Amino acid sequence: MMMERFILDVQRSLDYYESQLGKGIASKVYILPMGVEGLKLQKPMQESLSPTIVELECKKHIPMSPNISFTEVEEMHLLPVIGAVLRRLA
């Protein structure tokens, strides 16, 4: 029941993005690592939503030294900081 509500909220957000903001159709939705074992959102979301659902991996999208390594839980805690830095650069 909670997953259905979550997916419905995501669909509403996608609809708003498309119709009210006029940004076009989203081709991908990135989800952040949750750091919670067993909580996998990608598969149920992909079954219900049109855009490709991708779990964000920092090292694939953000230039970092190859010497940097961190666990999924550490990455989960780093993402707000990385987002704040990238927002200031934009």
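The rules behind these values
- Residues numbered from 1 in each chain as written.
- Predicted model: local features only at pLDDT ≥ 70, side-chain atom pairs only at ≥ 80, totals over all residues.
- Heavy atoms only, no water.
- Core = buried A, V, L, I, M, F, W, Y, C linked by side-chain atoms within 4.5 Å.
- Buried < 20%, exposed > 50% of the residue type's maximum accessible area, 1.4 Å probe, protein only.
- Helix = DSSP H or I, 4+ residues; strand = E, 2+ residues; numbered from the N terminus.
- Contact = heavy atoms within 4.5 Å.
- Salt bridge = Lys/Arg side-chain N within 4 Å of Asp/Glu carboxyl O.
- Patch = residues over 30% accessible without salt bridge, like charges linked within 9 Å, V, L, I, M, F, W, Y side chains within 5 Å.
- Areas by Shrake-Rupley, 256 points an atom, 1.4 Å probe, with all protein chains shown as cover.

**Looking at the nonpolar core**
- Counting residues in hydrophobic clusters, the biggest one holds nine residues: Ile7, Val10, Leu14, Val29, Ile31, Leu41, Met45, Leu49 and Ile53.
- Elements represented by at least two residues in this core include exactly helix H1 (2–19) and strand E1 (28–31).
- Broken down by element, this core gets its largest block of residues, three residues, from H1.
- Setting aside its immediate chain neighbours within four residues, Val29 contacts Leu14, Met45, Pro51, Thr52, Ile53 and Val54.

**Let's talk about the pattern of salt bridges**
- In total, this model carries one salt bridge according to the counting rule given.
- Here Asp9 makes a salt bridge to Arg12, at a shortest N to O gap of 3.5 Å. One end of the pair is Asp9 and the other is Arg12, both in helix H1 and three residues apart, which spans about a single turn.

**Here's the deal with a nonpolar patch on the surface**
- Taken together, the side chains of Tyr16, Tyr17 and Leu21 define a hydrophobic patch exposed on the protein surface, amounting to about 310 Å² of accessible area.
- Structurally, Tyr17 is set in helix H1.
- With relative accessibility at 35%, the residue Tyr17 sits in the partly exposed group.

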